[in-house]
Amino acid sequence: MSGVGGGCAMQTFRGIPVSPGVAIGRVVLVRDDRHAVSRRAVAAASIADECARLDRAIEASLDELADLRTRAEQELGKEAAAIFAFHQGMLRDPSLINPMREQIEQEKINAEYAVQEQFRVVAGRFAGMGDTAFSTKVDDVWDLDDRVLKHLTGSAPQQQTTVGPNSIIVANDLTPSQAAAFPRGKVLGFVTGRGGATSHTAILARALGIPAAVGAAALTEAAMGGEEVIVDGDLGIIVLRPDADTKAKYARIIERVAALRATVAQSRTLPAQTKDGTSVSLQGNIEFGKEAGAVIDQGGAGVGLFRTEFLWLTSDHDPTEDEQFAEYKSAVEKSKGDPVTIRTFDLGADKLTQAQAMAPERNPVLGCRSIRYSLQNIPMFRSQLRAIMRASVLGPVRIMFPLVTNVSELRQARMILSDVTEELVEEGVPIDRRVKVGIMVEAPSVAVMASSFAREVDFFSIGTNDLIQYTLAVDRTNEKVANLYAGTHPAVIKLIKEVARAARRRGVETSVCGEMAGDATYTMLLLGLGLRTLSVTPNRIPHLKAVVRAVDIGQCELLARRVGSLDSERQVAAFLRSEARKRFPELVDGRTGDEEPD
Ligand code: PEP
Ligand code: MG
């Protein structure tokens with residue numbers, strides 16, 4: 001029975017699925033209530049006191065952020081903690097704080113007003129970039145503004161949110177502080193009106209392991225609070241005031257998902273082999289060295305992608321060579337002889353350092369990101385390559401360059417690597433010269449020219465997240481075009497096929513490490529195209545292993561040929577789904593499709 005909206009009919013909304021699972025609970029509305037600040041004149045004699053008030057508020061905010069960051073790191077993981085590290089960095093940045101002091105002194109006004117004015121300037125700069133990666137930063141700015149104002153005024157912004165058991169949080173957007181502060185165990189899901197897959201809500205929901213959907217603006221308008229609601233984090237569907245049939249259907253899905261998890265857990269320790277005995281290497285994508293242990297625990301065979309940029313994103317300083325070495329060493333040691341593929345930092349686009357965030361680019365996805373950023377910041381790049389090479393004597397390390405788009409970049413990067421190698425040898429530091437060097441295939445330019453690139457690398461890893469974005473000209477973080485972002489587009493599949501073929505001819509190893517690799521509906525297609533290595537979030541490994549064990553390579557090749565004859569992403573998607581349901585119905589995420597609303 002519904003709560004406040006008890007008399008109204010069931011309504012279904014669509015958002016973007018960002019954290020899997022299904023939850024049934026009650027809507028808790030969180031409104032964005034901002035501090036209202038007025039401009040007040042301050043007597044000349046009190047200006048020094050006003051500046052001191054500002055300093056104290058900033059100090060208190062920084063102390064609070066340090067606590068929040070530690071708590072987030074312990075309870076939610078490093079990616080969530082990175083949000084608060086970013087806040088700390090911003091609040092220590094003189095280019096933000098000095099203008100606040102200057103405004104107080106020059107205009108003889110209250111600190112609250114100066115704080116809000118300066119935050120408004122920075123928020124305006126981010127918002128003006130018209131890019132979703134930066135709109136997330138706008139939320140960071142207002143979150144910080146609230147925090148500093150709270151310390152200046154001694155009051156928290158109004159927030160009548162009572163989070164009881166079985167709460168589903170519904171908000172236009174959540175600030176990171178709001179999301180991190182909700183009591184664990186009581187919140188079963190999140191839905192926001194704004195945001196994309198990389199929004200804070202998405203990151204925090206994944207860290208908490210609860211279902212979430214974003215970009216569901218119509219729901220945030222319709223919900224009144226207290227009503228019953230279902231969040232389907234696999235499909236991005238939200239059902240407000242579900243009727244008895246719908247609730248029963250979703251209750252069955254929840255049961256099936258639980259059963260699926262139990263089945264899949266059993267395949268963890270079995271070999272990743274198809275029915276006809278073909279071996280497949282299932283590897284893990286990690287962000288921090290210690291997660292390599294989780295890859296082994298989940299039955300994986302090494303690290304296929306170490307996203308090292310998170311070492312920068314979670315730190316308030318550039319990690320030193322020694323700090324990096326410790327991370328790489330940890331990954332290699334925990335992998336116990338399995339390969340560890342270390343991708344050099346992939347900064348830029350939606351993964352910004354403090355300095356990049358303060359000087360936004362107009363088109364960051366097409367801008368100075370990934371290997372381009374490394375080649376423009378050579379000392380930083382060298383220090384990373386030194387740290388990786390030092391770790392090379394500890395186990396089979398592989399180096400991978402992100403978003404290469406032409407051979408000159410690859411050659412330059414390799415030259416710097418050779419130079420660093422010689423430097424270490426001269427210094428008498430032990431290294432292993434046999435380190436394999438590869439590239440991410442994320443730009444169509446590389447996929448099309450794969451056979452040329454294959455002459456210059458030891459391996460390829462296909463980054464489908466970016467390859468889809470660049471092939472289809474769809475921003476992967478923009479909810480307005482999320483329906484166009486389709487891995488099933490025949491152009492994407494054709495590029496993957498070409499890369500696999502060129503690599504096979506030249507004897508270059510190839511893997512897929514984008515989200516497509518972890519989606520069971522694509523497994524038969526990828527195997528049919530000749531891929532034998534998939535790198536995925538560690539907790540997906542057992543699931544994929546169960547899928548691999550349920551299929552036959554001959555069937556997969558037949559399926560890939562059929563897919564090659566289809567010319568629309570819808571046809572491909574429907575065909576892949578129906579084949580998956582036919583071959584391994586119990587492994588299609590517990591969903592059979594008949595529960596999906598129209
Ligand atoms: C990719 O683009 O597919 C990839 C794995 O890299 P990231 O998601 O880190 O951009
Ligand atoms: Mg990428």
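The shown structure was predicted, so the numbers you read here are calculated from the model rather than taken from an experiment. (Residues numbered from 1 in each chain as written. Chains lettered and ligands numbered in written order. Predicted model: local features only at pLDDT ≥ 70, side-chain atom pairs only at ≥ 80, totals over all residues. Heavy atoms only, no water.)

On to the domain arrangement of the protein chain. Segmenting the protein chain into domains produces domain 1 (11-33 + 159-261), domain 2 (44-153) and domain 3 (276-514). Computed from C-alpha coordinates alone, the two centres of domain 1 and domain 3 are separated by 33 Å. Listed by partner, the interface residues are 6 residues for domain 1 and 4 residues for domain 3. Both faces combined, the contact of domain 1 with domain 3 buries some 350 Å², and carbon together with sulfur accounts for 60% of it. The tally of links from domain 1 across to domain 3 stands at 0 salt bridges. Linking domain 1 with domain 3 are 0 residue pairs in polar contact (both at pLDDT 80 or more), by the criterion used here. (Domains from an automatic or database assignment. Contact = heavy atoms within 4.5 Å. Buried area = accessible area lost by both parts, 1.4 Å probe. Salt bridge = Lys/Arg side-chain N within 4 Å of Asp/Glu carboxyl O. Polar contact = N/O pair within 3.5 Å; in protein donor to acceptor, adjacent residues only side chain to side chain.)

Turning our attention to the packing of helix α21 (residues 520-528) against helix α23 (residues 553-564). Put simply, α21 and α23 touch, their axes get as near as 7 Å, and they point 95° apart. As summarised for this structure, α21 and α23 are arranged roughly perpendicular, according to the angle between their axes. In this structure, α21 uses Met524, Leu525, Leu527 and Gly528 to contact α23, whose residues at the interface are Ile553, Gln555, Cys556, Glu557, Leu559, Ala560 and Val563. By residue class, the composition of the contact of α21 with α23 is 8 nonpolar, 2 polar and 1 charged. (Axes fitted to C-alpha atoms, helices over the stretch in contact; angles between N-to-C directions. Helix = DSSP H or I, 4+ residues; strand = E, 2+ residues; numbered from the N terminus. Parallel < 35°, antiparallel > 145°, perpendicular 65-115°, else oblique. Nonpolar A, V, L, I, M, F, W, Y, C, P; charged D, E, K, R; others polar.)

Attention shifts here to the packing of aromatic side chains. Per the stated rule, a full pass over the model turns up 6 aromatic pairs. Ring centres 5.7 Å apart and planes at 85° place the aromatic pair phenylalanine 306 and tyrosine 328 in the edge-to-face group. Placement of the pair is phenylalanine 306 in strand β10 (residues 303-307) and tyrosine 328 in helix α12 (residues 321-334), with a sequence separation of 22 residues. Across the pair, exposure class does not vary: phenylalanine 306 and tyrosine 328 are buried alike. Pairing phenylalanine 345 with phenylalanine 381 gives two aromatic rings, centres 6.3 Å apart and planes at 80°, and the pair type is edge-to-face. Taken together, the positions of phenylalanine 345 in the loop between β11 (340-343) and α13 (354-358) and phenylalanine 381 in helix α15 (residues 378-391) put the pair 36 residues apart, joining distant regions of the chain. Of the two residues, phenylalanine 345 and phenylalanine 381, neither departs from the other in class, the shared state being buried. The structure contains a cluster of three or more aromatic residues connected by ring pairs, namely Trp312, Phe345, Tyr373, Phe381 and Phe401. Above the ring of phenylalanine 325, the side-chain terminus of arginine 390 is found at 4.4 Å from the ring centroid. The lysine or arginine in question, arginine 398, covers the ring of phenylalanine 459, its NZ or CZ lying 3.8 Å from the ring centre. (Phe/Tyr/Trp six-rings, centres within 6.5 Å; stacked < 30°, edge-to-face > 60°. Buried < 20%, exposed > 50% of the residue type's maximum accessible area, 1.4 Å probe, protein only. Lys NZ or Arg CZ within 6 Å of the ring centre and 35° of its normal.)

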